[in-house]
Amino acid sequence: MLESGAWGLLAGSALLVGAVLGYALRVPRLVAASVMAFGAGVLLSAVSFELLAEAHSEGGLVPTVAGTLVGAAAYTLGDLALARRGARHRKRSGPHRRPPSEQERSGSGLALALGALLDGVPESAVIGVGIAHGGAVSLVTVAAVFISNLPEGLSSSAGMRRSGRGPAYVFGVWGGIAAAGTVSAVLGYAVVGGLPVPVVAAVTAVAAGAILAMIADTMIPEAFEDTHLAMGVITVAGFLLSFALSHP
């Protein structure tokens, strides 16, 4: 359990590192989008070759498909609810699409924090689930979550800064999400550890579905909006890096 928490904290700490960079530095829009595209590619590969492949191997096609759809639907419903409260563009850093300030939309600060939590929990939980099921951490999964968390924190904090939020709020949010990631990894281990293998496979698929929906809804739009066509190549580069880690 302690090991799960430690790995979850390591992966989640990238959010805080990215937030510091995004808030303290004037990161060019193109750089932020490029890093986000790379992170999306890394996470897409990890979901495909680590999470869904493992779920299918252990549970078969039906639990994998059903779990993935449930995870995607659950994430989408949560995201829709938060979008109506001002968290729609929580990963955007551009001047035209950014998180609203509290003056522009009352309650948007809480919605942004909850949106960040919604994005981060599935990624961290699968780390604990993997340790509970396999007896050892999947370094590929940890690396993928860490790499993808950097651009998430970077882009989001830059957008929050542009919307007028101070460093206490920004770093408080991402520090809290890093801590929540630690708890999620521990709960993934503790709750799933004693469950039957088919149930573990379904839970893994649920997390994979939520992560896939998050990539499509928040990371890819930020990466490809108002940017150059090389974003596709950058995304593929991230995908191939994660693939290489999965297939040494």
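Per an unreviewed UniProt entry, the protein chain goes by ZIP family zinc transporter and derives from Streptomonospora nanhaiensis.

Novice: With reference to specific residues and values, describe the overall build of the protein chain.
Specialist: A tally of helices and strands in the protein chain yields 8 helices and 0 strands. When the elements of the protein chain are put in sequence order from the N terminus, they spell out α-α-α-α-α-α-α-α. Here the protein chain, with 248 residues, has 48% of them falling under the buried criterion. Of all intrachain contacts in the protein chain linking residues separated by at least 6 positions in sequence, the fraction that spans at least 24 positions is 85%. Just so you have it, the protein chain exposes about 10,400 Å², and 73% of that area is on carbon and sulfur atoms.

Novice: So what's going on with helix 1 (residues 2-24)? Residues and values would help.
Specialist: Given 3.6 residues to a turn, an α-helix orients residues that are three or four positions apart in the same direction. Over its 23 residues, helix 1 runs 32 Å from end to end, which matches the ideal 33 Å to within 8%, given 1.5 Å per residue. What helix 1 keeps buried is the set Ser-4, Gly-5, Gly-8, Ala-11, Gly-12, Ala-14, Leu-15, Gly-18, Ala-19, Gly-22 and Tyr-23.

Novice: If you had to explain the UniProt feature "transmembrane region" (unreviewed entry) in the protein chain to someone new, which residues and values would you point to?
Specialist: The UniProt entry lists residues 6-25, 30-49, 61-83, 127-147, 168-191, 197-216 and 228-245 under the feature "transmembrane region" (unreviewed entry), expressed in the numbering used here. In residues 61-83, helix accounts for 100% and strand for 0%; the two terminal C-alpha atoms are 32 Å from one another. Helix makes up 100% of residues 168-191 and strand 0%, with an end-to-end C-alpha separation of 33 Å.

Novice: Mind laying out the packing of helix 5 (residues 139-162) against helix 6 (residues 167-192), listing which residues take part and the relevant values?
Specialist: Between helix 5 and helix 6, the shortest axis-to-axis distance is 10 Å and the interhelical angle comes to 155°. The angle between the axes of helix 5 and helix 6 places the two elements in the roughly antiparallel class. As helix 5 packs across helix 6, the resulting crossing turns out to be right-handed. Along the contact surface, helix 5 presents Glu-152, Gly-153, Ser-156, Ser-157 and Met-160, while helix 6 presents Tyr-169, Val-170 and Trp-174. A class-by-class count of the residues in the contact of helix 5 with helix 6 yields 4 nonpolar, 3 polar and 1 charged.

Rules behind the numbers
- Residues numbered from 1 in each chain as written.
- Predicted model: local features only at pLDDT ≥ 70, side-chain atom pairs only at ≥ 80, totals over all residues.
- Heavy atoms only, no water.
- Helix = DSSP H or I, 4+ residues; strand = E, 2+ residues; numbered from the N terminus.
- Buried < 20%, exposed > 50% of the residue type's maximum accessible area, 1.4 Å probe, protein only.
- Contact = heavy atoms within 4.5 Å.
- Areas by Shrake-Rupley, 256 points an atom, 1.4 Å probe, with all protein chains shown as cover.
- Expected span 1.5 Å × (residues − 1).
- UniProt positions renumbered as here; feature names shortened; annotations may be inferred.
- Axes fitted to C-alpha atoms, helices over the stretch in contact; angles between N-to-C directions.
- Parallel < 35°, antiparallel > 145°, perpendicular 65-115°, else oblique.
- Left-handed = near helix turned anticlockwise from the far one by under 90°.
- Nonpolar A, V, L, I, M, F, W, Y, C, P; charged D, E, K, R; others polar.

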